[in-house]
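Descriptive structure summary
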Amino acid sequence: MPEYKAPLRDMRFVLNEVLDLDGHYAKLGLEEVNSELLNAFLEEGAKFSENELAPLNRSGDEEGCHFEDGVVTTPKGFKEAYAKYVEGGWPAINGDPEFGGQGLPGSASIAISEMTGTANWSWSMYPGLSHGAVATIEEHGTDEQKNAYLPKLTSGEWTGTMCLTEPHCGSDLGILKTKAEPNADGSYSITGTKIFISAGEHDMAENIVHIVLARLPDAPKGTKGISLFIVPKFLTDGSGAVGERNAVACGSIEHKMGIKASATCVMNFDGATGYLIGPENKGLNCMFTFMNFARLGTAIQGVAHAELGFQGGLAYAKERLAMRSLSGPKNPDGPADPIIVHPDVRRMLLTSKAFAEGGRALVYLCAQLGDQVKLARDDAEREQAHDLMALLTPIAKAFVTEVGLEAANHGVQIYGGHGFIREWGMEQNVRDARISTLYEGTTGIQALDLLGRKVMMTQGQALRNFTKIVHKFCEAHADNGELKELIDPVARYNREWGELTQAIAMQAMQNPDYVGAASVDYLMYSGYVTLAYLWARMAAKAQEQLAAGTGDEDFYKAKISTARFYMKRILPRAAGHKGAIEGGLDCLMELDQEHFAF
Ligand SMILES: Cc1cc2nc3c(=O)[nH]c(=O)nc-3n(C[C@H](O)[C@H](O)[C@H](O)COP(=O)(O)OP(=O)(O)OC[C@H]3O[C@@H](n4cnc5c(N)ncnc54)[C@H](O)[C@@H]3O)c2cc1C
């Protein structure tokens, strides 16, 4: 497997140049945060990811996790790498200083999450879920709960989980059955089975804090009757010391297609002691703090697999010799040309590069919006960032993972038959990527969230807020002759996006099923257009830097060139999705269930 090299230059370009984080932090009044600090983080994060985590990626996949009598052992080296991660203070970057955190905004650590995740996605899920648990307790917990759990979760000595899924339901949490019965002392007795719980049990931390959805007795049916609880593996008196073992245990771990080194656990709650977080029956609302966090985390996974597919594919395409270029030999002294000369191999490489770099820009933009939601001093600015982030989250989660999976597949294809063979690592990349479009809400569920909740339920306002931003950008560059071929298509698709949405809304008034028929194509359409905007923004910044003569010409020229590839070869896919939407609902519904197979 090619060695993972953190794409630091590109990360800096997005963070410092395109998103101008220095200006962003100054506006938020965060004087102590700046690109110098971020650069130091990037350097150290790259070293840790490349040297400690990447070497465990393949061995972790081959060994997997072990389960015996309720005990889960992670693959060799995982526990030690986690200890180093904790020792290095990495888990605490974003934590509240009151509980031992460094108090830095989410955008300051987004690239670290990308690097650890790309180096070893399975490993990164253990600390990854803890961050969501911290955010949920910070936002919804009582002072007592914060004091009891946040210091150890923030330091990484304890880890967290997210317990939603049950054997009979994942997407439809309204039908979950886990019960929570009140105890005399104000705690609750939690009984039920949760499945597919990532990091539900492992040997890396002293305690595991489960964040669990359950129903109170007589709670209303459906999503309005769900409450949220903290259920620790070991009870604590609030001092940070672990006490008695709670009645929650791992029943087994799953044997999976990919991310084999991440423990996916069946968790049995057998009258376990739990503590209510947030108001009764509002648990799903509170859990959205965790879910939105995890969705952005999963979007990073899309970038990670695109980047690995690209890095692996590029190294191989430069070395592997096969046939001659159609326009004449490019390596006349060799027996054949390197496959990178062939247009079709370049198509696969550039597609992966465009998705990795474009996906990175989208995910980092979401992290920047997350800072504004939390820290902007102006109410209107906070609200605007919140609405934009709500719109972009399902696009980032579902679109970036779908195209990340495509790029991982290109990685295999570039290697030819060798891509199918284990030792090259490209097949692991595909297997690991496959889960990303499923968990944290499948692509289908994200698409319903985008079209139904975020677009239709706001009467298109959330979308208009975004298309206005894109429109302003296009207008500001309308006289830029050199970028015309990049800006014009963005402006055209941006206009069409609104028209397409209106057309869907009209059809949906006749039959609500039209929303479900259109949703995934709509999400993909939205993803291609969103990335086009970001590619145009990156190209404009690159052009500006070239004009200013800041050096690094090759990097900026490559940016503009990749943007051109995106507009000419990738963005037209949006038209196909529009066509599919216009294909309508009837052809999906006319076949009787009984007549699908004969
Ligand atoms: C490795 C792994 C790790 C996981 N980690 C966690 C975790 O840490 N915590 C946790 O709580 N869960 C976790 N999950 C569970 C995961 O989030 C769910 O599997 C996922 O949300 C889908 O739920 P489901 O499997 O019940 O599928 P279902 O809900 O049964 O869906 C089946 C299919 O039907 C489609 N579908 C369902 N409803 C609709 C609809 N209304 N319209 C259109 N299509 C629809 C879905 O898109 C899907 O394609 C994990 C799963 C795996 C495999």
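Conventions adopted
Residues numbered from 1 in each chain as written. Predicted model: local features only at pLDDT ≥ 70, side-chain atom pairs only at ≥ 80, totals over all residues. Heavy atoms only, no water. Helix = DSSP H or I, 4+ residues; strand = E, 2+ residues; numbered from the N terminus. Rg over C-alpha atoms; globule rule 2.2 N^0.38 Å. Buried < 20%, exposed > 50% of the residue type's maximum accessible area, 1.4 Å probe, protein only. Contact = heavy atoms within 4.5 Å. Lys, Arg positive; Asp, Glu negative; His and termini not counted. Charge placed at Lys NZ, Arg CZ, Asp CG, Glu CD. Arc of directions from axis to C-beta. Phe/Tyr/Trp six-rings, centres within 6.5 Å; stacked < 30°, edge-to-face > 60°. Lys NZ or Arg CZ within 6 Å of the ring centre and 35° of its normal. Pairing = 2+ DSSP bridges. Near = heavy atom within 4 Å. Polar contact = N/O pair within 3.5 Å; in protein donor to acceptor, adjacent residues only side chain to side chain. Areas by Shrake-Rupley, 256 points an atom, 1.4 Å probe, with all protein chains shown as cover. Nonpolar A, V, L, I, M, F, W, Y, C, P; charged D, E, K, R; others polar.

**Some points on the overall build of the protein chain**
Tallying secondary structure elements over the protein chain gives 19 helices and 11 strands in all. Relative to the globule expectation of 25 Å for 598 residues, the C-alpha radius of gyration of the protein chain, 24 Å, shows essentially globular dimensions. When the backbone C-alpha atoms are referred to their principal axes, the protein chain occupies close to 80 × 65 × 60 Å. Across the 598 residues of the protein chain, 56% fall into the buried class. Partitioning the contacts of the protein chain with sequence separation of at least 6, the portion at a separation of at least 24 is 74%. Distance between charge centroids for the protein chain: 5 Å, based on 55 positive and 77 negative side chains.

**Section: the environment of Arg58**
Along the chain, the position of Arg58 falls in helix α4 (residues 57-63). A residue is classified by how much of its surface remains accessible, and Arg58, at 33% relative accessible area, is partly exposed. In this structure, the C-alpha to C-alpha distance between Arg58 and Val72, residues 14 residues apart in sequence, is 19 Å. Not counting residues within four places of it along the chain, the set of residues in contact with Arg58 comprises Arg422, Glu423 and Gln428.

**Side note on helix α2 (residues 21-28)**
All of the buried residues in α2 are Leu21, His24, Tyr25 and Leu28. End-on view of α2: buried residues confined to an arc of 95°, all on one side of the axis. For α2, the exposed residues set more than 90 degrees away from the buried face come down to Ala26 and Lys27. With its phi angle positive at about 80°, Gly29 sits one or two positions after the end of α2.

**Topic: the packing of aromatic side chains**
Scanning the model with the defined rule gives 19 aromatic pairs in all. Members of the aromatic cluster, each reached through a chain of ring pairs, are Phe48, Tyr82, Tyr85 and Trp123. When the ring centre of Phe234 is taken as reference, the NZ or CZ atom of Arg245 above it lies at 5.6 Å. Geometry around Phe288 places Arg453 over its ring, the cationic atom sitting 5.5 Å from the centre.

**As for the pairing of strand β3 (residues 158-163)**
Of all the 6 residues making up β3, 6 are buried; the element is thus mostly covered by neighbouring parts of the structure. Burial of β3 is two-sided: the residues Trp158, Gly160 and Met162 facing one way and the residues Thr159, Thr161 and Cys163 facing the other way are all buried. Alignment of β3 against strand β6 (residues 207-214), held across 6 bridges, turns out to be parallel. Paired with Thr161 across the two strands is His210, which belongs to β6.

**Things to note about the site of the ligand**
In the vicinity of the ligand, 20 residues are found, and the nearest of them are Met162, Thr165, Ser171, Phe196 and Thr442. At a separation of 2.7 Å, a nitrogen atom of the ligand approaches a polar backbone atom of Met162. Here Phe196 contributes a backbone N or O atom positioned 2.8 Å from a nitrogen atom of the ligand. Within the complex, the protein chains bury 62% of what would otherwise be the 970 Å² of accessible surface of the ligand. Of all the elements in the fold, those that place two or more residues in the shell around the ligand are β3, β5 (188-198) and α13 (443-455). Split by residue class, the shell around the ligand holds 11 nonpolar, 7 polar and 2 charged.

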